[in-house]
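# Per-entry structural report
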Amino acid sequence: MNDPHAPSSVRGLGYYIPAIVVAFAVLVAALLADAQKRRLEEEYLRSFTTEQLGLLRSRLEGNILGNVKLVQGLVATLSTEPRMPPARFADLASRIFDEDNELRSLAIAPDFVVSLVYPLTGNERSLGLDYRTNEKQRAAALEVKQQNKLIVTGPVDLVQGGRGLIARYPIRAGADNAFFGVASAVIDLDRLLANSGFKNDLKIAVTLSSRAHDGGDARTFFSTTAAVDIEPVVMTIDIGHEVWTMSGAPLKGWFQSSAELGFFRSALALLAIVIVAPMFWVGYLMKDRQRHIAALQDREERLETVSQRLQLALDASRVGVWEYDTETTVLSWDVRMRALYGVPPTQQVCGYEDWRNALHPDDLKEAERAFATAIETEQPYITGFRVLRQDGGIRHIRAHGTTYRVSSGAKRIVGANWDVTEDTQLQAELLAAKLTAEAQNRALEEARRVMEHNSLHDALTGLPNRRFLDQQLALASDSERPLTLLHIDLDRFKDINDTLGHSAGDEVLKQAATVLRTQVPAEDFIARIGGDEFVLLSHRDPATADFPTLSVRLIEAISEPMAIEAHDCRIGASIGLATRCDAEESAEQLLVNADIALYEAKRRGRNRMETFNDELRLRTVEIKRLSDDILRGLERGEFRPFFQPQFDAETLEIVGVEALARWEHPTRGFIPPDVFLPVAESLNVVAQIDETILDQALFQRIRWESQGLGIPRVSVNVSSQRLHDEHLIEKLKGLNIRPGALTFELLESISFDTADDGRKQAIEDIKALGIEIEIDDFGSGHASIVSLLELSPKRLKIDRRLILPLLESTAQQSLVHSIIDIGKVRGIETVAEGVETLAHADLLRRLGCHVLQGYAFARPMAADDFLVFVKARAWMPLAEPTTARAN
C-alpha cells in the first residue's frame, strides 16, 4: 500500500477495500432481499389471477352446461315422441326459452331436414333446409350421426348477426333406438360471455381463444382492454369440437411496482448508507495522510530525475556547455566542447583566443560581431558558424547563449554549442533533390500535355479523335448555340486498301484530312472518329453558313485525284448533314441523325450529300418499331412456317414440301419475308428465325407421319448467320433426323462463297448428318460451274425469274434446259420454283425437270390447311389432261 511506484489509482483504492467489501456484502444482501420480496409479490399476483380466472371458467362452463341440459330434456322428449306436432314442440320450446338462459334458436331436423324451428319468427327460411346439401352444415351434422354424441362448435359468425355456439344433439327413437335426426341449438355467445362475467371491468387482463381438436390456428374471440402479459395463467375448456383457451395476467403485468415494495427498497437503501458511509470516511482520512507523505517523496524524486535527464540530454545530443567571463576573458569548456573543437586533452585551460582561432576565416568577422553584440546588449546569443578542426575538417556549429550577472555585478555569458554539420549537409542535399524534382515535374507536366494532346488527336492525321469529339458534343449539349454536324465517309477507300495496301490507305487518309482542314472554316471543329469516317461540328448559324454548299465543296475537293505511290487514286465522299432544330435535342442524338442521313446518301448511290429530315426520322422510327416487334415476336412465337408442296413432274405426287417463314403480326396480320428479313439481318436474329421454322417444320413432319401421310422430305431455308452458328452441328445431332428426311435450302450467294472455309466446312458437316443440300435461286448470277462441282448439292432450284418468261422465250428455254442437263450430268436433281400455270409445268416436264413447285398446284399454306390439302388430293384432277397430252 505504501509503494511509491504503484499507480496512484491502485494506491488510493487500497484504503477503501474494507469499505468496498462491506458495501458489496450489503448490496448482495439488499438484492437478495429485494428478489425475495418481488418473488412473493409475483406469487401473490399469480395466485390472485388463477383465482379470478378459475371463477370465470366455472361460470362459463356452468352456463354452457346449463344451456345444453335445457335442450337435452327436449331432445329426450323428442326421442319418445319423434312425430311431435309443431304446436307441442313450440309449447315445450317456449318453456325452455322462458327460463333465464342464452339460447337463441332451436331447430329439429329429422333425417337431416329441418322441420321444426323455434322461435319461428325470423327463422322461416330454415324450414326445409337439408343439412346434407348445405356446404356449411353438412360436415358437422354428419359428424353428430357418426359419433352419436353431443357436439358443440363455436364460436361462429351467425347469418342473423352476432356470434354464437351451435350445440348439435343426435336424436334416436323407436324400439331399436335408431338414428332419427339432429337437433341444433344456437347459444348467443355475447350473452353467454356477459352472463359469465367476461367484461372489460375485470380485475385481471383476460383473452379467450378457440382452436379445433384437429389442429389449425387459434382464434381469439374475447379480450379485455388491457393486454395479457407474457407467461400468463392458462386454463382450457373442452366444449366438444373445439378447445377454448383462457389466458390471464394482472392488469399492469407481473412486474408492476407496489407502494409496499417501494417502501421496502427505501428502507434497504437507508440501512446500506448507514453501514457503508462511515467505512468510506475512514478510508478517505487514511488516503489523505498517505498523500501528504507521498508528495514529499515525489518532490525529492523529481529533482533527481530532472538532474539525470539534463545529463542524459547533454550526452545524447552531444551538446557542449561553455561559460565566458567578460572581465577575465576566461572561457570554460566542458569535455564535449573540447571534443567539438578538437582541443587536445593535454591543454588544461582554454581562452577566448582558442575559440577565435578555430573559426573559419569567412565566418570570423560575423561570429565576433554577434558575440560582442550579445554581451553588450545582454540579449540572447543565437548564431551559427563554421570551425576548422586541427585535423583539417570543417564543422558547422550552432550556438545559443544568455547573459547574466553574478553577485559582484560582473557580466558573464553561458551557452551551448552543438554540431549541425550533418543537418546542414542534409539540407543541402534536400535542396538539390528539390531542384531536381522540380525539373522532373516540369518534364512530366510537358509529357502530360503531350499525352493529353495525343489522347485527344488522331495519330495518323493529326485531327481531333472520337474522344475529343465526345467532349465537344457534351459541351454542345449544355449550350443553346446553333449546332450542325456533317458525318463524312470516304467512298472507295476500301478498294485502295485492298489493292495498294494499308500504307497507301494511310496516305489517302492524311491527304483527305489535309483537304478537310483546307476547306473547313477555322471556327468549325473537324475530327476523325475511326476508319474512313470524319465529323464536322459547327456552331455557325445555318441560315448564313450554307452547309449544303460546304458539303458539295467538300465532296468535290475530296474527289480530286490523289498521287499515291505513283498511282493516280480517286476516292469520293458521302455526307450526312443534321442541324439541331429543337433546343431540347441532345448533341448525341444529332450525331445519330447525321449518321442516318449518311446511310441514306450511301443508299442513294454514294458521292453525295443528304440532309436529315422528318421523312428519314419516320423511316428510322418505323425500322426501330419493326425491330422491337421482331424481337417481341420471337419471344411470343409469332414466326411460323407456311408449307408449299413440291410435286414429281411425271406423277404429280408430293415428293417434298418447303417450309417458308411467315410472321403473323398481332395487329398487322401476316408480314412477308421481304419486309422483315432485312431488318432481322441487321438485328442478327435471322439464325434464330431459321431455328424456329426448323423446329416447327420437324414437329409438323412428325404430325404428318402419325396420320399416315408419306411425305418424303421437308425443306427449310438456312441463312448465312445460321451457318456461322458454332453450335449448329451439335444441335442438329440432337434432333436425330432420319437421313434424307430434311433438306437445307441455301441461297446461291451463300453456298458458292469459296473464300469462306468455315462456311464450306459447316455445309460438309451438315451433309455428313444425312441432311440434303439444295441451291436456292440457282441461275441468279452468283454461281460458277467449278464451285457447283465443289459443293455437290442434292438439288438445284431454278430461280423463278428464269421460269416466268419460259413460254415466250426460246432462249430462256435453252438456258433452263442447259441447267437441267448440267444437273443430270452431275447426278443433281432440278426443282423449278415459280411454276404459275399448267403450261409451264408441261414444258418443264418435257425439258426434263424433276420437281415442280408453284401456284399452278398450290400456294404456301398454314399447317392445318396443308393437312387438309394433302388429304383431299385436290390437285390430281388438274393433272390428268396434262398427263394425257404428255403421253
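All values derive from a computational prediction rather than experimental measurement.

## So, the overall build of the protein chain
A tally of regular secondary structure across the protein chain gives 29 helices and 30 strands. Against the globule reference of 29 Å for 887 residues, the protein chain gives a C-alpha radius of gyration of 57 Å, more extended than a compact globule. In terms of principal-axis extent, the alpha carbons of the protein chain reach across some 160 × 130 × 60 Å. Long-range contacts, defined here as pairs at least 24 residues apart, represent 62% of the contacts in the protein chain between residues at least 6 apart. Here the protein chain displays about 48200 Å² of accessible surface, and carbon together with sulfur accounts for 55% of that area. Counting 100 positive and 127 negative side-chain charges, the protein chain places the centres of these two groups 5 Å from one another.

## What to know about the pairing of strand β14 (residues 411-419)
With six bridges connecting them, strand β10 (residues 320-325) and β14 associate as antiparallel partners. Looking at β14, one finds that Glu323 is bridged to Val414. Taken together, the nine bridges between strand β13 (residues 394-405) and β14 define a ladder with antiparallel strand orientation. When the sheet's bridge partners are listed, Arg405 is paired in β14 with Lys411.

## Thoughts on the packing of helix α21 (residues 728-735) against helix α23 (residues 757-768)
Contact pair α21 / α23: the axes reach a minimum separation of 10 Å and the direction vectors enclose 10 degrees. Accordingly, the angle class assigned to the pair α21 and α23 is roughly parallel. Of the residues in α23, those in contact with Leu728, Ile729 and Leu732 of α21 are Ala762, Asp765 and Ile766. Tallied by class, residues from the contact of α21 with α23 come to five nonpolar, no polar and one charged.

## Remarks on the environment of Lys767
By the element assignment, Lys767 lies in helix α23. Through-space distance from the C-alpha of Lys767 to that of Lys794 is 9.6 Å; in sequence the pair is 27 residues apart. Setting aside residues up to four positions removed in sequence, Lys767 forms contacts with Ile773, Leu791 and Ser792.

## Observations concerning the nonpolar core
Counting 73 residues, the largest nonpolar core has Ile630, Leu742, Phe744, Ile766, Leu844 and Leu852 as the members making the most contacts within it. Element by element, the count of residues in this core is highest for helix α19 (residues 686-706), at seven residues. Setting aside its immediate chain neighbours within four residues, Phe744 contacts Leu694, Val716, Val718, Leu732, Ile766, Ile771, Glu772, Ile773 and Glu774. Membership of the second largest hydrophobic core comes to 48 residues, among which are Ala167, Ile187, Val206 and Met246.

## Notes on the sheet that holds strand β4 (residues 163-173)
On the basis of which strands lie adjacent, the open sheet formed by five strands has the order β2-β1-β5-β4-β3 and antiparallel pairing. Pairing within the sheet leaves two strands with one partner each, and these edge strands are β2 (116-118) and β3 (151-157). The average angle at which neighbouring strand axes cross in this sheet is 15 degrees, direction not considered. Here β3 pairs with β4 via five bridges, running antiparallel. Within β4, the position partnered with Ile151 by the bridge is Arg168.

## As for the pattern of salt bridges
Applying the stated criterion across every chain, the model contains 58 salt bridges. A salt bridge links Arg395 to Asp419; the nearest nitrogen and oxygen atoms lie 2.5 Å apart. Residue Arg395 is located in strand β13, and its partner Asp419 is located in strand β14; the two are separated by 24 residues in the primary sequence. Owing to a relative accessible area of 26%, Arg395 belongs among the partly exposed residues under this scheme. Between Asp628 and Lys624 there is a salt bridge, and its shortest N-O distance comes to 2.7 Å.

## A closer look at the sheet that holds strand β12 (residues 381-388)
Either a parallel or an antiparallel arrangement is found when strands of a sheet pair, and the pairing is made through backbone hydrogen bonds. If you walk across this open sheet you meet the five strands as β11-β10-β14-β13-β12, and the pairing is antiparallel. What marks the edges here is a single partner per strand, and that holds for β11 (331-333) and β12. The average angle at which neighbouring strand axes cross in this sheet is 25 degrees, direction not considered. By the bridge criterion, three bridges tie β10 to β11 in an arrangement that is antiparallel. Residue pairing for β11: Trp322 is matched across the bridge by Trp333.

## Quick word on the packing of aromatic side chains
On inspection of all chains with the given rule, the structure shows 25 aromatic pairs. Judged by centre distance (4.7 Å) and plane angle (20 degrees), the rings of Trp333 and Tyr341 are stacked. Per residue, the accessibility class of Trp333 equals that of Tyr341, and both read buried. Pairwise contacts between aromatic rings join Trp322, Tyr324, Tyr352, Trp355, Phe371, Tyr381 and Phe385 into one cluster. The aromatic ring of Tyr855 is capped on one face by Arg859, whose charged end is 4.0 Å from the ring centroid.

## Examining a nonpolar patch on the surface
The grouping of Leu270, Leu271, Val274 and Ile275 at the surface amounts to a nonpolar patch, some 380 Å² of accessible area in total. Note on Leu270: relative accessible area 55%, which makes it exposed.

## Regarding the environment of Met279
The topology assignment puts Met279 in helix α6 (residues 259-317). Spatially, the C-alpha atoms of Met279 and Tyr16 are 7.8 Å apart, while their sequence positions differ by 263 residues.

## Concerning the pairing of strand β20 (residues 572-579)
For β20, the buried fraction is high: seven of the eight residues fall into the buried class. Taking the sense of rotation as the criterion, the β-α-β connection linking β20, helix α16 (residues 587-603) and strand β21 (residues 609-611) turns out left-handed.

## Overview of helix α28 (residues 863-872)
Taken together, the buried positions of α28 are Ala863, Phe866, Leu867, Phe869 and Val870. Buried residues of α28, seen end-on, are gathered within an arc of 165 degrees and therefore sit on one face of the element. In α28, the exposed positions that point more than 90 degrees away from the buried face belong to Val868, Lys871 and Ala872. Taken together, the buried residues of α28 touch β22 (639-648), β23 (654-665) and α19. Positive backbone phi, at 50 degrees, marks Arg873, one or two positions downstream of α28.

## Description of the side chain of Asp188
Within the fold, Asp188 resides in strand β5 (residues 178-188). Separated by 3.1 Å, the side chain of Asp188 and the backbone nitrogen of Asp190 make a polar contact. Within polar-contact distance, the side chain of Asp188 engages the backbone nitrogen of Arg191 at 3.2 Å. Once you skip the residues sitting within four places of it in the chain, Asp188 turns out to touch Glu102, Arg104 and Arg163.

## Digging into unusual backbone geometry
Omega for the bond connecting Tyr118 with Pro119 falls within 30 degrees of zero, at -10 degrees, which places this linkage in the cis form. Mapped onto the elements of the fold, Pro119 is located in the loop between β2 and α4 (138-147). In this structure, Glu378 takes a positive phi of about 55 degrees despite not being glycine. Tracing the backbone through its elements, the reader meets Glu378 in the loop between α9 (364-377) and β12. Looking at Glu378, the relative accessible area reads 38%, which means it is partly exposed. With a phi angle near 55 degrees, Asn736 is a residue other than glycine that sits in the positive phi range. Tracing the backbone shows Asn736 in the loop between α21 and β26 (742-747). Asn736 gets classed as exposed once you look at its relative accessible area, which sits at 70%.

## Looking at the confidence of the model for the protein chain
Per-residue confidence for the protein chain gives a mean pLDDT of 85, with 93% of residues at or over 70. Scored below 50 in pLDDT, residues 879-887 makes six contacts in the model with residues more than four places away or belonging to other chains.

## Regarding the packing of helix α12 (residues 493-500) against helix α13 (residues 502-519)
Running from amino to carboxyl end, α12 crosses α13 at an angle of 145 degrees, the nearest separation of the two axes being 6 Å. The residues of α13 that touch α12, namely those facing Phe493, Ile496, Asn497 and Leu500, are His502, Ala504, Gly505, Val508 and Leu509. Classifying every residue of the contact of α12 with α13 by side-chain character gives six nonpolar, three polar and no charged.

## Brief notes about helix α11 (residues 466-477)
Given 3.6 residues to a turn, an α-helix orients residues that are three or four positions apart in the same direction. Counted at 1.5 Å a residue, the expected span for α11 with its 12 residues is 16 Å, and the 16 Å between its end C-alpha atoms agrees. Restricting attention to buried positions, one finds in α11 the residues Phe468, Leu469, Leu473 and Ala476. Along the axis of α11, the buried positions cluster into a sector of 140 degrees, meaning they face one direction only. Those residues of α11 that are buried are in contact with α10 (421-456), β15 (484-491), β16 (525-530), β17 (533-538) and α16. At the N-terminal boundary of α11, the capping side chain belongs to Asn465, with an oxygen 3.3 Å from the backbone nitrogen of Arg467.

Here is what the cut-offs are and how they apply
Residues numbered from 1 in each chain as written. Predicted model: local features only at pLDDT ≥ 70, side-chain atom pairs only at ≥ 80, totals over all residues. Heavy atoms only, no water. Helix = DSSP H or I, 4+ residues; strand = E, 2+ residues; numbered from the N terminus. Rg over C-alpha atoms; globule rule 2.2 N^0.38 Å. Contact = heavy atoms within 4.5 Å. Areas by Shrake-Rupley, 256 points an atom, 1.4 Å probe, with all protein chains shown as cover. Lys, Arg positive; Asp, Glu negative; His and termini not counted. Charge placed at Lys NZ, Arg CZ, Asp CG, Glu CD. Pairing = 2+ DSSP bridges. Axes fitted to C-alpha atoms, helices over the stretch in contact; angles between N-to-C directions. Parallel < 35°, antiparallel > 145°, perpendicular 65-115°, else oblique. Nonpolar A, V, L, I, M, F, W, Y, C, P; charged D, E, K, R; others polar. Core = buried A, V, L, I, M, F, W, Y, C linked by side-chain atoms within 4.5 Å. Buried < 20%, exposed > 50% of the residue type's maximum accessible area, 1.4 Å probe, protein only. Salt bridge = Lys/Arg side-chain N within 4 Å of Asp/Glu carboxyl O. Phe/Tyr/Trp six-rings, centres within 6.5 Å; stacked < 30°, edge-to-face > 60°. Lys NZ or Arg CZ within 6 Å of the ring centre and 35° of its normal. Patch = residues over 30% accessible without salt bridge, like charges linked within 9 Å, V, L, I, M, F, W, Y side chains within 5 Å. Right-handed = clockwise from strand over helix to strand, strands pointing away. Arc of directions from axis to C-beta. Polar contact = N/O pair within 3.5 Å; in protein donor to acceptor, adjacent residues only side chain to side chain. pLDDT = per-residue confidence, 0-100. Expected span 1.5 Å × (residues − 1).

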